[in-house]
Amino acid sequence: MADYAALAARLRALTEGERDEVALMATLACEIHHADDRFDWTGFYRVVAPRLLKIGPYQGGHGCLTIPFDRGVCGACARTGEAQIVPDVEAFPGHIACAASTRSELVLPVFAAGRRLMAVLDIDSDRPDAFTAEDADALAAILAETFGALP
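Here the residue numbering is sequential within each chain, running from 1 through the sequence in written order. With pLDDT at 70 or above as the cut-off, local features in this predicted model cover only qualifying residues; side-chain atom pairs require 80 or more to be listed or tallied, and sums for whole chains, interfaces and linings still use all residues. Hydrogens and water molecules were not included; the side-chain quantities draw on all heavy atoms of the structure.

Each helix corresponds to a stretch of at least 4 residues labelled H or I by DSSP, and each strand to a stretch of at least 2 residues labelled E; elements are numbered beginning at the N terminus. If you trace the backbone, Asp-36 turns up in the loop between helix 2 (21-33) and strand 1 (41-49). For every residue, the accessible area (1.4 Å probe, protein chains only) is compared with the maximum for its type, and the residue is labelled buried under 20%, exposed over 50%, or partly exposed between those bounds. Overall, Asp-36 belongs to the buried group, its relative accessible area being 6%. In what follows, residue pairs with any heavy atoms lying within 4.5 Å of each other are defined as contacts. Filtering out sequence-adjacent residues up to four positions away, Asp-36 remains in contact with Met-1 and Ala-2.

Shown next, in the form of structure tokens:
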């Protein structure tokens, strides 16, 4: 399991004073991806139009280029504004298979100031049931600290 306290401290040091969304996403994607061997694909899907996500910075194999809010786990997260912990992607209605190796998924909303949804953080694992509520809570805290004050 990731050492989330150490990860948060490292990210705080790396991103201090940075306000550019893409630079922040790239740094977080890299650091989060390498923080835990359960994480097979780690990246952001940015809100680019009403009800539409587009690939942002990521680590791992290719991701889907666009995801509408009404499709897949990322779409469900964007639509509801709530974390999605999916122990078995095959059992998730409407799952989008960007990679055949994905067995479980964790997707978190990324909010800027005023709870403006700016993106979702998508983490895939090649292991079934890889994610816990503790993962979601720790990563949500990192996202809030990093992006929560951005306009």
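Running from amino to carboxyl end, helix 1 (residues 4-15) crosses helix 4 (residues 133-147) at an angle of 15°, the nearest separation of the two axes being 11 Å. Taken together, the axes of helix 1 and helix 4 are roughly parallel relative to one another. Relative to helix 4, the crossing made by helix 1 is right-handed. Across from Tyr-4, Leu-7, Ala-8, Leu-11 and Arg-12 in helix 1, the residues of helix 4 making contact are Asp-135, Ala-138, Leu-139, Ile-142 and Glu-145. An axis is simply a line fitted to the C-alpha atoms; with a helix, the fit covers only the stretch in contact. Between two such axes, the angle follows the N-to-C directions and lies from 0 to 180 degrees. By definition in this entry, angles of less than 35 degrees are roughly parallel, angles greater than 145 are roughly antiparallel, angles of 65 to 115 are roughly perpendicular, and the rest are oblique. In this scheme, a crossing is called left-handed if the near helix is turned counterclockwise away from the far one by less than a right angle; it is called right-handed if the turn is clockwise.

To continue, consider the nonpolar core. Nonpolar cores are built from buried Ala, Val, Leu, Ile, Met, Phe, Trp, Tyr and Cys residues. Side-chain atoms within 4.5 Å join them into one set. Judged by nonpolar contacts, the single largest core of 28 residues is most densely connected at Phe-44 and Phe-147. Mapped onto this core, the elements with two or more residues apiece are helix 1, helix 2, strand 5 (104-112), strand 6 (116-125) and helix 4. Once you skip the residues sitting within four places of it in the chain, Phe-147 turns out to touch Glu-21, Leu-24, Met-25, Leu-28, Phe-44, Val-110, Phe-111, Ala-112, Ala-113 and Met-118.

A separate point is the packing of aromatic side chains. Aromatic pairing here means that ring centres of Phe, Tyr or Trp (its six-membered ring) are within 6.5 Å. Orientation follows from the plane angle: under 30 degrees is stacked, over 60 is edge-to-face, and everything else is tilted. Applying the stated criterion to the full structure yields 4 aromatic pairs. Centre to centre, the rings of Trp-41 and Tyr-45 are 5.9 Å apart; their planes meet at 25°, and the pair counts as stacked. Ring geometry for Trp-41 versus Tyr-58: centroids 5.3 Å apart, planes at 20°, classification stacked. You can see Trp-41 sitting in strand 1 and its partner Tyr-58 sitting in strand 2 (residues 52-59), a full 17 residues away along the chain.

Moving on: unusual backbone geometry. The phi dihedral of Arg-115 is positive, around 55°, even though this residue is not glycine. With respect to the secondary-structure elements, Arg-115 resides in the loop between strand 5 and strand 6. Classification of Arg-115 by relative accessible area gives exposed; the value is 57%. Unlike most non-glycine residues, Asp-129 shows phi in positive territory, near 50°. On the secondary structure map, Asp-129 appears in the loop between strand 6 and helix 4. Classification of Asp-129 as exposed rests on a relative accessible area of 54%.

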